[in-house]
Amino acid sequence: MDPSMQKEYLNSLEQILQEVENYLESSTDAAAAVEPDKGLGRLSRMEAMQDQQLVMEMRRRKKRQLADVKSAISRLEMGNYGTCIFCGKEISPERLAVTPEVQTCMRCS
Ligand SMILES: [Zn+2]
């Protein structure tokens, strides 16, 4: 892969890494258990718990993404970035442009 492309991918990966880490940090409170004595009515308690579920699901996804981004960065450093971890074929630049942390080609995803 072209070194200038590598640098570009590294930049976007580091940007995503930063964003995901920020999100995980800022959502810690929202994911914490809804306290029973918060003085919420029955309905708003349910809403609060639904919100909490959403945040927890989002955090799960973001944590997975964080792991993918980190592994993509190390793959860049190792020089095998941009190849599918299953079939070893090159991942299309279009695919990498949309999700630089992707580790599989279109067929294996
Ligand atoms: Zn593949």
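Keep in mind that what you see is a predicted model, and the values were worked out from it rather than measured.

Caption draft 1: Examining the pattern of salt bridges more closely. Under the definition given, this model contains two salt bridges. Arg-60 is the partner of Glu-57 in a salt bridge, and the nearest nitrogen-oxygen pair spans 3.0 Å. Of the two residues, Glu-57 and Arg-60 both sit in helix 3 (residues 42–78), three residues apart, roughly one turn of that helix. Assessed through its relative accessible area of 29%, Glu-57 is described here as partly exposed. Among the ionic pairs, Glu-57 bridges to Arg-61, the shortest N-O distance being 3.5 Å. Here Glu-57 pairs with Arg-61, and both are found in helix 3, just four residues apart, close to one helical turn.

Caption draft 2: Spatial organisation of the nonpolar core. By size, the foremost hydrophobic cluster in this structure holds 17 residues, and its most contacted members are Leu-13, Val-69, Tyr-81, Ile-91 and Leu-96. For this core, the secondary-structure elements that each account for two or more residues are helix 1 (3–26) and helix 3. No other element matches helix 1, which puts six residues into this core.

Caption draft 3: Representation of the packing of aromatic side chains. Applying the stated criterion to the full structure yields one aromatic pair. When the centroid spacing of 5.2 Å and the interplanar angle of 55° are considered together, the rings of Tyr-9 and Tyr-81 count as tilted. Here Tyr-9, found in helix 1, pairs with Tyr-81, found in the loop between helix 3 and helix 4 (93–98); they are 72 residues apart in sequence, far enough to count as distant. For the pair shown, Tyr-9 and Tyr-81 are each scored as buried. Positioned above the aromatic ring of Tyr-23, the side-chain terminus of Lys-62 is 5.6 Å from the ring centre.

Caption draft 4: Expanded view of the side chain of Arg-95. Checked against the element boundaries, Arg-95 lands in helix 4. The side chain of Arg-95 sits in the buried core without any salt bridge; Glu-94 is the nearest counter-charge, 9.3 Å away. Beyond its immediate stretch of four places on either side in the chain, Arg-95 contacts Val-102, Thr-104, Cys-105, Met-106 and Ser-109.

Caption draft 5: Representation of the side chain of Arg-75 within the structure. Following the sequence through the fold, Arg-75 ends up in helix 3. Among buried Asp, Glu, Lys and Arg side chains, Arg-75 stands out as unpaired, with Asp-68 the closest opposite charge at 8.9 Å. Setting aside residues up to four positions removed in sequence, Arg-75 forms contacts with Asn-80, Tyr-81, Gly-82, Thr-83, Ile-85 and Gln-103.

Caption draft 6: Structural view of the coordination of the zinc ion. For the zinc ion, every protein donor is listed as Cys-84 (SG), Cys-87 (SG), Cys-105 (SG) and Cys-108 (SG), and the spread of their distances is 2.3 Å. Angles of 105 to 118° at the metal separate the four donor atoms of the zinc ion, which places the site in the tetrahedral class. Sequence positions of the donors to the zinc ion reduce to the motif C-x2-C-x17-C-x2-C. Of this pair, Cys-84 sits in the loop between helix 3 and helix 4 while Cys-108 sits in the segment after helix 4, placing them 24 residues apart in sequence. Classification of Cys-108 by relative accessible area gives partly exposed; the value is 29%.

So, how was this worked out
Residues numbered from 1 in each chain as written. Predicted model: local features only at pLDDT ≥ 70, side-chain atom pairs only at ≥ 80, totals over all residues. Heavy atoms only, no water. Salt bridge = Lys/Arg side-chain N within 4 Å of Asp/Glu carboxyl O. Helix = DSSP H or I, 4+ residues; strand = E, 2+ residues; numbered from the N terminus. Buried < 20%, exposed > 50% of the residue type's maximum accessible area, 1.4 Å probe, protein only. Core = buried A, V, L, I, M, F, W, Y, C linked by side-chain atoms within 4.5 Å. Phe/Tyr/Trp six-rings, centres within 6.5 Å; stacked < 30°, edge-to-face > 60°. Lys NZ or Arg CZ within 6 Å of the ring centre and 35° of its normal. Lys, Arg positive; Asp, Glu negative; His and termini not counted. Contact = heavy atoms within 4.5 Å. Donors = N, O, S within 2.8 Å, 3.2 Å for Na, K, Ca; no water. Tetrahedral: all angles 85-135°; square planar, octahedral: opposite > 155°, others 65-115°.

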